[in-house]
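Okay, here's what each chain looks like letter by letter:
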Amino acid sequence: MFWRMIRGTLLRQKSKMFMIAFTVALGVSLATAMMNVMLGVGDKVNEELKTYGANINVVPKDASLLGDLYGLDEGVGINDKFLKEEDLPKVKQIFWGFNIVDYTPYLDTKVSIKDKEKSVNLVGTWFDKYLKLSTGEEVTTGMIHMKAWWTVDGEWLKTEDADGVMVGSILAQRDNIKIGDTLNLKTKKGSRDLTVRGIFNAGSSEDESLYANLSTVQEMTGLTGKVSKIEISAITTPDNDLAKKAAQDPRSLQPDEYETWYCTAYVSTICYQIQEVVQDGVAKPIRQVAESEGSILNKTKLLMLLITILCSIGSALGISNLVTASVMERNAEIGLIKALGGTGPAIVGLILTEIVLTGFIGGIFGYGAGIGFTQIIGKTVFGSYIELAPMVIPIDIVLVILVTMLGSIPAIRYMLKLKPTEVLHGR
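Residues numbered from 1 in each chain as written. Predicted model: local features only at pLDDT ≥ 70, side-chain atom pairs only at ≥ 80, totals over all residues. Heavy atoms only, no water.

Burial analysis of strand β3 (residues 100-113) places twelve of its 14 residues in the buried class, the great majority of the element. In the sheet, β3 pairs with strand β13 (residues 229-234) via six bridges, with the strands oriented antiparallel. If you follow I100 over to β13, its bridge partner there is A234. Both β3 and strand β9 (residues 182-187) contribute to a ladder of two bridges, which runs antiparallel. Bridging from a neighbouring strand, S112 pairs with K186 of β9. (Buried < 20%, exposed > 50% of the residue type's maximum accessible area, 1.4 Å probe, protein only. Helix = DSSP H or I, 4+ residues; strand = E, 2+ residues; numbered from the N terminus. Pairing = 2+ DSSP bridges.)

Further remarks concern the packing of aromatic side chains. One pass over the structure, following the stated rule, counts 15 aromatic pairs. An angle of 10° between the planes, with centres 5.8 Å apart, marks the rings of W150 and W156 as stacked. Using a relative accessible area of 6% as the deciding quantity, one classes W150 as buried. Geometrically, the ring pair formed by W150 and F200 is stacked, given 4.4 Å between the ring centres and 10° between the ring planes. In this pair, W150 is assigned in the loop between α4 (143-146) and β7 (151-154) and F200 in strand β10 (residues 190-201), connecting sequence segments 50 residues apart. For the pair formed by W150 and F200, the shared burial category is buried. By the ring-pair criterion, three or more aromatic residues cluster together here, those being F95, W96, Y258, W261, Y262 and Y272. The aromatic ring of Y106 is capped on one face by K229, whose charged end is 5.6 Å from the ring centroid. (Phe/Tyr/Trp six-rings, centres within 6.5 Å; stacked < 30°, edge-to-face > 60°. Lys NZ or Arg CZ within 6 Å of the ring centre and 35° of its normal.)

This brings us to the side chain of Q218. Structurally, Q218 is set in helix α6 (residues 214-221). For Q218, a relative accessible area of 5% translates into the label buried. Setting aside residues up to four positions removed in sequence, Q218 forms contacts with E85, L107, L223, T224, G225, K226 and V227. (Contact = heavy atoms within 4.5 Å.)

For helix α7 (residues 241-248), the complete set of buried residues consists of L242, A243 and A246. Along the long axis of α7, the arc covered by the buried residues comes to 95°, so they all point the same way. Along α7, the residues that are exposed and aim more than 90 degrees away from the buried face are D241, K244 and Q248. The elements touched by buried residues of α7 are α8 (255-262) and α9 (267-277). The distance from a side-chain oxygen at the start of α7 to the backbone nitrogen of L242 is 3.2 Å, and the residue carrying that oxygen is N240. (Arc of directions from axis to C-beta. Polar contact = N/O pair within 3.5 Å; in protein donor to acceptor, adjacent residues only side chain to side chain.)

Averaged over all residues, the pLDDT of the chain is 81; the fraction at 70 or higher stands at 79%. The element-level mean pLDDT for the chain is lowest in helix α3 (residues 61-70), coming to 54, with strand β11 (residues 210-213) highest at 96. Within the model, the stretch residues 65-78 combines pLDDT values under 50 with 20 contacts to residues more than four positions away or in other chains. (pLDDT = per-residue confidence, 0-100.)

Moving on, we come to the packing of α8 against α9. Taken N-terminus to C-terminus, the directions of α8 and α9 make an angle of 90°; their axes are 9 Å apart at the nearest point. Classified by the angle between their axes, α8 and α9 sit roughly perpendicular to one another. Note on element contacts: α9 touches α8 through S268, T269, Y272, Q273 and E276, opposite Y258, W261 and Y262. Residue composition of the contact of α8 with α9, grouped by class: four nonpolar, three polar and one charged. (Axes fitted to C-alpha atoms, helices over the stretch in contact; angles between N-to-C directions. Parallel < 35°, antiparallel > 145°, perpendicular 65-115°, else oblique. Nonpolar A, V, L, I, M, F, W, Y, C, P; charged D, E, K, R; others polar.)

Laid out in structure tokens, this is it:
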């Protein structure tokens, strides 16, 4: 009898039940999309931010110490402190190597152009370096990927181009340098002619510098196999109290804390692991970048959570009106059930079962629509699909139950106050 009454109600009030299912579906679809994006947004936001430069600097220990003491720019102007180029492939072989998106070394030196007395900064680096690691992994990294926002007239240098150079826009304008010009660059070790392949605009002090392949600058300076510093772009997890404690001194951690910290992609963890493989190197986070990433990520997640909560509240309000209208139409039926001995809890169970079943039907369609919304957001905002989080399914189930029950509260209160004698007599 119980299920026959439910089936009869669903058939008789098809329009209202459809509207309840639609309201639930709308709320669940938006909640599903927001939760999937919220749970998958971390890597996507970090990947987007990686296109705007490095968040870790690696410099020689002595250069780092002098920088701390005297406020010097680390890795720049301290020409007798170097890292070994042979350690560079090891950066991708640390525990969190897959989180390192791009990295590139730099070797700085001062050169004079032709007969000009004023010297300029010449930087040797990788532009599009192919590496085959001892693990069998193949990696392509360098400036082209690290400095994606640079605008370049002409072309980027190629790895095999030992006689090419790129010129900053400010320097090119000041010295009237054009693409195709040959520059005679003089160092303490001699001079060399390099051809201008491109003129770049970085929007910073780099626009006053020259960039050439690392091997070219090493040869010009006699510093084969040496680099001044390494810039690394890594996907990291926002810092918490544990990460901040470890950043001060990892040795202060308890064994279980150390294991948790070491196996989480905090910026301090990645820096620590880089120092383990780069001889005499100190890895330091670029705090402005690292902290901005965490702040943006947390604010994005908070926004998604607020949208999910507001969607759920809106669905509950919509269901409340629909269920109340449904119960008011069934005054006579509910009054008759009470007159025949039906108890309040039994009638409440009947109404809730009807609404929850309808809600689950709407929830199934809403989840499917939510998956579609998730991928639309992923492709539109991040340019790639977002991986679905399995834990969203049980959250949606709980959400449907809560929304339908909360939305039914006003109708249930109205129904419990209903007196059979008044209803059956038309009052």
